[in-house]
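What follows is the residue order along each chain.
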Amino acid sequence: MSSSSLAPRRFRSKTLTAALAFLLGSLGAHRFYLYGWRDLFGWAHLLATIVGIPGFLLLAASQHADGLASAGLGWWLAIPGAISLLAAFLAAIVYGLRADDKWDAQFNGDTGKQSRSGWTVVFVVIFSLLIGAFLLMSALAISFQTYFESQIEAAKQISQ
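Residues numbered from 1 in each chain as written. Predicted model: local features only at pLDDT ≥ 70, side-chain atom pairs only at ≥ 80, totals over all residues. Heavy atoms only, no water.

Before going further, it helps to spend a moment on the packing of helix 2 (residues 14–24) against helix 7 (residues 119–159). Two numbers describe how helix 2 lies on helix 7: the axes approach to 9 Å, and their chain directions differ by 20°. What the angle tells us is that helix 2 and helix 7 run roughly parallel. Like other packed secondary-structure pairs, helix 2 and helix 7 cross with a definite hand, here left-handed. In this structure, helix 2 uses Lys 14, Thr 15, Ala 18, Ala 19 and Phe 22 to contact helix 7, whose residues at the interface are Thr 120, Val 121, Val 124, Phe 127, Ser 128 and Ile 131. For the contact of helix 2 with helix 7, the per-class residue count stands at seven nonpolar, three polar and one charged. (Axes fitted to C-alpha atoms, helices over the stretch in contact; angles between N-to-C directions. Helix = DSSP H or I, 4+ residues; strand = E, 2+ residues; numbered from the N terminus. Parallel < 35°, antiparallel > 145°, perpendicular 65-115°, else oblique. Left-handed = near helix turned anticlockwise from the far one by under 90°. Contact = heavy atoms within 4.5 Å. Nonpolar A, V, L, I, M, F, W, Y, C, P; charged D, E, K, R; others polar.)

In structure tokens, the structure reads:
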């Protein structure tokens with residue numbers, strides 16, 4: 001007899017999953033909640049965030065010190081963290097918009113319980129859209145600005 005037939009699987013709340021993705025998604029909390037501690041994507045979220053934080057700090061420091069080398073390294077380190085953060089907001093939206101019956105078929109099929117999404121999920125989706133879109137547009141604007149400023153500086157160096 002398998003261990004899965006001895007103990008029923010635990011109920012996984014769609015509301016809690018969407019909230020975890022929104023609040024702690026860049027740490028992989030929603031993935032660990034759904035799939036357990038062995039989930040590789042959860043660990044990838046956590047690793048990307050751990051790498052991304054020093055990258056963001058290097059970028060912030062290079063703005064004040066004009067350190068071009070640390071800015072380049074900062075971008076390479078910050079990008080995985082930014083992707084993890086934006087993917088977490090996207091996951092909150094995807095989980096929140098999934099129909100309850102489809103959610104239960106995938107995650108709660110043998111628990112005997114059914115999900116009942118309420119206004120909490122709606123607000124999580126709305127805030128994920130607002131904050132995620134703001135962060136994405138801000139990141140794009142800052143990257144284009146940084147790129148064009150570096151091109152102008154390079155052109156000034158050539159012309160002197």
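Along helix 6 (residues 100–107), the positions that sit buried rather than exposed are Trp 103, Asp 104 and Phe 107. An end-on view of helix 6 places all buried positions within 95° of arc, on one side of the element. Away from the buried face of helix 6 by more than 90 degrees, exposed residues Asp 101, Lys 102 and Ala 105 are located. (Buried < 20%, exposed > 50% of the residue type's maximum accessible area, 1.4 Å probe, protein only. Arc of directions from axis to C-beta.)

By size, the foremost hydrophobic cluster in this structure holds 15 residues, and its most contacted members are Phe 22, Leu 34, Ala 92, Tyr 95, Trp 103 and Val 124. Mapped onto this core, the elements with two or more residues apiece are helix 2, helix 3 (29–35), helix 5 (68–97) and helix 6. Per element, the largest residue contribution to this core is five residues, and it comes from helix 2. Residues within four places of Ala 92 in sequence aside, it is in contact with Ala 18, Ala 21, Phe 22, Val 124, Val 125 and Ser 128. (Core = buried A, V, L, I, M, F, W, Y, C linked by side-chain atoms within 4.5 Å.)

Before going further, it helps to examine the layout of surface pockets. Here the largest pocket is characterised by a volume of approximately 840 Å³. What lines the largest pocket is a set of 25 residues, among which Phe 56, Leu 59, Ala 78, Ala 82 and Ala 139 lie closest to the centre. Where the lining of the largest pocket is concerned, the elements lending two or more residues are helix 4 (40–65), helix 5 and helix 7. When grouped by side-chain class, the residues that make up the lining of the largest pocket number 17 nonpolar, eight polar and no charged. (1 Å grid on protein atoms, 1.4 Å probe; cavity = no way out; pocket = protein on both sides within 12 Å on 5 of 7 lines; lining within 4 Å. Points joined across faces, edges and corners; volume = space filled by probe spheres on them.)

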